[in-house]
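Tertiary structure, described
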Amino acid sequence: INTIAALISEPVSAHKNAAVYVKAKVMRTFLELFSDATEVKWSMGNNRYFASFMQNNKRCKALFDSKGGLVYSLRYGTEKDLPRHTRKLLKSEYLDYTIDAVTELNAGDINTWTINLSDRDNLVVARVYDGSLEELHHYKNAPVK
């Protein structure tokens, strides 16, 4: 998972406004997986293709290798996008926290959620993977004077 997290930085083509030629096998995979995508923008770097798009009113991103294989996809959402068991796990540990934002990562057999939670005094970044909850970061709000 840490290796995948390191890959999430967006590759950018050499010229910001340059058109990106997307190989047919990459486009085929994209259309199979994200047939209802809108507002698709492509970039390329290190022989990989990066798509940023909207799907079901959610911002999504996907990285493909040059042979058309999906390396990973990200979907950004809110509490209502979490699976019921994931939400229940979070609420059992962070009872009085608000779920502010969620990101779903899919990479092969890996499916993980990264969640931003907050209460009046704390901001927590947590991850749920394979039914386990892990706190990645915990920040305390500075008192207002």
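Going by the structure above, here's the rest.
Parameters and conventions
- Residues numbered from 1 in each chain as written.
- Predicted model: local features only at pLDDT ≥ 70, side-chain atom pairs only at ≥ 80, totals over all residues.
- Heavy atoms only, no water.
- Phe/Tyr/Trp six-rings, centres within 6.5 Å; stacked < 30°, edge-to-face > 60°.
- Buried < 20%, exposed > 50% of the residue type's maximum accessible area, 1.4 Å probe, protein only.
- Helix = DSSP H or I, 4+ residues; strand = E, 2+ residues; numbered from the N terminus.
- Polar contact = N/O pair within 3.5 Å; in protein donor to acceptor, adjacent residues only side chain to side chain.
- Salt bridge = Lys/Arg side-chain N within 4 Å of Asp/Glu carboxyl O.
- Pairing = 2+ DSSP bridges.
- Axes fitted to C-alpha atoms, helices over the stretch in contact; angles between N-to-C directions.
- Contact = heavy atoms within 4.5 Å.

Considerations on the packing of aromatic side chains
Taken as a whole, this structure holds seven aromatic pairs when the rule is applied. Seen in terms of ring centroids, Tyr 94 and Tyr 97 are 5.2 Å apart; in terms of plane orientation they differ by 75 degrees. Their pairing is edge-to-face. As far as the burial class goes, Tyr 94 and Tyr 97 line up, both buried. Three or more aromatic residues link up through ring pairs in this structure, and these residues are Phe 30, Phe 34, Trp 42, Phe 53 and Phe 64.

A short note on the side chain of Glu 104
Mapped onto the elements of the fold, Glu 104 is located in strand 5 (residues 98–107). Looking at Glu 104, the relative accessible area reads 12%, which means it is buried. Of the polar contacts made by the side chain of Glu 104, one reaches the side chain of Arg 75; its length is 2.7 Å. At 3.5 Å, the side chain of Glu 104 forms a polar contact with the side chain of Asn 106.

Examining the pattern of salt bridges
Using the criterion set out here, one finds six salt bridges in the structure. Linking Arg 59 and Glu 39 is a salt bridge whose minimum nitrogen-to-oxygen distance equals 4.0 Å. Of this pair, Arg 59 sits in strand 3 (residues 58–65) while Glu 39 sits in strand 1 (residues 38–45), and the two are 20 residues apart along the sequence. Glu 39 sits in the exposed class, given a relative accessible area of 54%. One salt bridge in this structure joins Asp 121 and Arg 120, with 3.7 Å as the shortest N-O distance.

Re the pairing of strand 7 (residues 122–129)
Burial of strand 7 is extensive: six of the eight residues sit out of reach of the surface. As consecutive antiparallel partners, strand 6 (residues 110–118) and strand 7 are separated by three residues. Here eight bridges tie strand 7 to strand 8 (residues 132–140), and the two strands are oriented antiparallel to one another. Along strand 8, the bridge assignment pairs Val 125 with His 137.

Observations regarding the sheet that holds strand 5
The eight strands are arranged 1-2-3-4-5-6-7-8 in an open sheet whose pairing can be described as antiparallel. Unpaired on one side and paired on the other, strand 1 and strand 8 mark the two borders of the sheet. Put simply, the sheet's adjacent strands are angled 15 degrees from each other on average, direction ignored. Relative to strand 3, helix 2 (residues 24–33) is tilted by about 145 degrees, and along the sheet it contacts strand 1, strand 2 (48–55), strand 3 and strand 4 (70–77).

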